[in-house]
Amino acid sequence: AQSVTQPDIHITVSEGASLELRCNYSYGATPYLFWYVQSPGQGLQLLLKYFSGDTLVQGIKGFEAEFKRSQSSFNLRKPSVHWSDAAEYFCAVGANGNKLVFGAGTILRVKS
Amino acid sequence: NAGVTQTPKFRVLKTGQSMTLLCAQDMNHEYMYWYRQDPGMGLRLIHYSVGEGTTAKGEVPDGYNVSRLKKQNFLLGLESAAPSQTSVYFCASSADNYGYTFGSGTRLTVV
């Protein structure tokens, strides 16, 4: 069965510093991969997705992610973090039947 | 541009009470889903539907029932609420390409 692991429960970075959030997946075939962001008290917003093709995917708000099949990873990156990026981030993999399987999430804190 | 609307937004139930959460979408999506979100556990799929009149169990279906009598609506029912069902519930809908649109959530507390 498909699964997603986000090893970091919390991450704290300084404003202006770079960010990398880790995501590892388990899936037999070529996966469909996603990153979502959730601000406090809000629903989930799609940041970016990977279906096929170029393994470096650009998303909204200056985020990007790189698919590495050999490492079963889909890490999220941002070169310079803004205070407004503080939120919880979820990695997800597409499962059969158009379902999404989510990781446990990583809470990002930004210190000024 | 309503998207996915969940009602109610907040609810407090006593153990053993029943309730229904309503999810409505106006995008003509075939697929609809109910997830629950708990701290440190991400979102877990409760039930889902691949079209009007169909429902299927997800990862954590026990204690919940669903119905999709109309394409635009997906109802989640709790027959006898338990404290373990205290959670934030999210509904989502999608076309056939994992293009999910999420509702804003229902925060349920069972005391």
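Each remark here, short or long, concerns the structure printed above.
Residues numbered from 1 in each chain as written. Chains lettered and ligands numbered in written order. Predicted model: local features only at pLDDT ≥ 70, side-chain atom pairs only at ≥ 80, totals over all residues. Heavy atoms only, no water.

1. Overview of the state of the cysteines
Argument step 1. Inspection of the entire model under this criterion finds 2 disulfides over all chains.
Argument step 2. Put simply, C23 of chain A and C91 of chain A are joined by a disulfide, and their sulfur atoms are 2.0 Å apart. An S-S torsion of about -65° defines the bridge between C23 of chain A and C91 of chain A as left-handed. Residue C23 of chain A is located in the loop between β3 (19-21) and β4 (24-26), and its partner C91 of chain A is located in strand β10 (residues 87-95); the two are separated by 68 residues in the primary sequence.
Argument step 3. Relative accessible area serves as the criterion here: at 0%, C23 of chain A is assigned to the buried category.
Argument step 4. Overall, the relative accessible area of 0% leaves C91 of chain A in the buried class.
Argument step 5. Bridging C23 of chain B to C91 of chain B, the disulfide has an S-S length of 1.8 Å. Disulfide C23 of chain B-C91 of chain B: torsion about the S-S bond near -75°, hence left-handed. Here C23 of chain B, found in strand β3 (residues 19-25), pairs with C91 of chain B, found in strand β9 (residues 87-94); they are 68 residues apart in sequence, far enough to count as distant. (Disulfide = S-S within 2.5 Å. Helix = DSSP H or I, 4+ residues; strand = E, 2+ residues; numbered from the N terminus. Buried < 20%, exposed > 50% of the residue type's maximum accessible area, 1.4 Å probe, protein only.)

2. As for the layout of surface pockets
If you roll a probe as big as a water molecule over the atoms, it shows you where there is empty space left.
Argument step 1. Quantified by volume, the largest pocket comes out at close to 440 Å³.
Argument step 2. Elements with a minimum of two residues in the lining of the largest pocket: β10 of chain A together with β4 (31-38), β9 and β11 (106-110) of chain B.
Argument step 3. Considering only residue class, the lining of the largest pocket consists of 10 nonpolar, 12 polar and 4 charged.
Argument step 4. Approximately 290 Å³ is the volume found for the second largest pocket.
Argument step 5. Taken together, 19 residues make up the lining of the second largest pocket; nearest its centre are V101 and F102 of chain A together with L43, L45 and E59 of chain B. (1 Å grid on protein atoms, 1.4 Å probe; cavity = no way out; pocket = protein on both sides within 12 Å on 5 of 7 lines; lining within 4 Å. Points joined across faces, edges and corners; volume = space filled by probe spheres on them. Nonpolar A, V, L, I, M, F, W, Y, C, P; charged D, E, K, R; others polar.)

3. A word on the nonpolar core
Residues and elements named next belong to chain A.
Argument step 1. Among the nonpolar cores identified, the biggest contains 26 residues, and L19, W35, L47, L48, F74, L76 and Y89 are the most heavily contacted of them.
Argument step 2. Taken together, the elements giving at least two residues each to this core come down to β2 (10-14), β3, β5 (33-38), β6 (44-50), β8 (64-68), β9 (73-78), β10 and β12 (106-111).
Argument step 3. When residues in this core are grouped by element, the largest group, 4 residues, is from β10.
Argument step 4. Once residues lying within four places of it in the same chain are set aside, the contact partners of L76 are L19, E20, L21, W35, L47, L48, F63, E64, A65 and Y89. (Core = buried A, V, L, I, M, F, W, Y, C linked by side-chain atoms within 4.5 Å. Contact = heavy atoms within 4.5 Å.)

4. Section: the packing of aromatic side chains
All names here are of chain A.
Argument step 1. Within this structure, the stated rule accounts for 20 aromatic pairs over all chains.
Argument step 2. Measuring from ring centre to ring centre gives 6.4 Å for Y50 and F74, while their planes differ by 45°; the resulting arrangement is tilted. Here the residue Y50 occupies a position in strand β6, and F74 occupies one in strand β9, the gap between them amounting to 24 residues. A single burial state applies to Y50 and to F74, both of which are buried. (Phe/Tyr/Trp six-rings, centres within 6.5 Å; stacked < 30°, edge-to-face > 60°.)

5. Topic: the interface of chain A and chain B
Argument step 1. With 21 residues of chain A in contact, the opposing surface of chain B contributes 20 residues.
Argument step 2. Interface of chain A and chain B: buried area, both sides summed, is about 1,500 Å²; carbon and sulfur atoms make up 58% of it.
Argument step 3. Contact with chain B buries area across many residues of chain A, yet N98, K99 and F102 of chain A alone supply 37% of it, more than any other trio.
Argument step 4. Where the side of chain A that touches chain B is concerned, the elements lending two or more residues are β5, β10 and β11 (99-102) of chain A.
Argument step 5. Examining the composition of the side of chain A that touches chain B, we find that 4 residues originate from one element, β10 of chain A, more than from any other.
Argument step 6. Here the side of chain A that touches chain B is composed, by residue class, of 10 nonpolar, 9 polar and 2 charged. (Buried area = accessible area lost by both parts, 1.4 Å probe.)

6. Digging into the pairing of strand β5 (residues 42-49) of chain B
All names here are of chain B.
Argument step 1. In terms of burial, β5 is a largely internal element, 8 of the 8 residues being buried.
Argument step 2. Looking at chain direction, β4 and β5 are connected through 7 bridges and run antiparallel. By the bridge assignment, M32 is partnered in β5 with S49.
Argument step 3. From the end of β4 to the start of β5, which pair antiparallel, there are 3 residues, and G40 there has a positive phi angle of about 75°.
Argument step 4. In terms of strand pairing, β5 meets strand β6 (residues 56-57) through 2 bridges, oriented antiparallel. Counted as the bridge partner of Y48 is A56 from β6.
Argument step 5. Here β5 folds back onto β6, and the loop between the two strands holds 6 residues, one of which, G53, carries a positive phi near 85°. (Pairing = 2+ DSSP bridges.)

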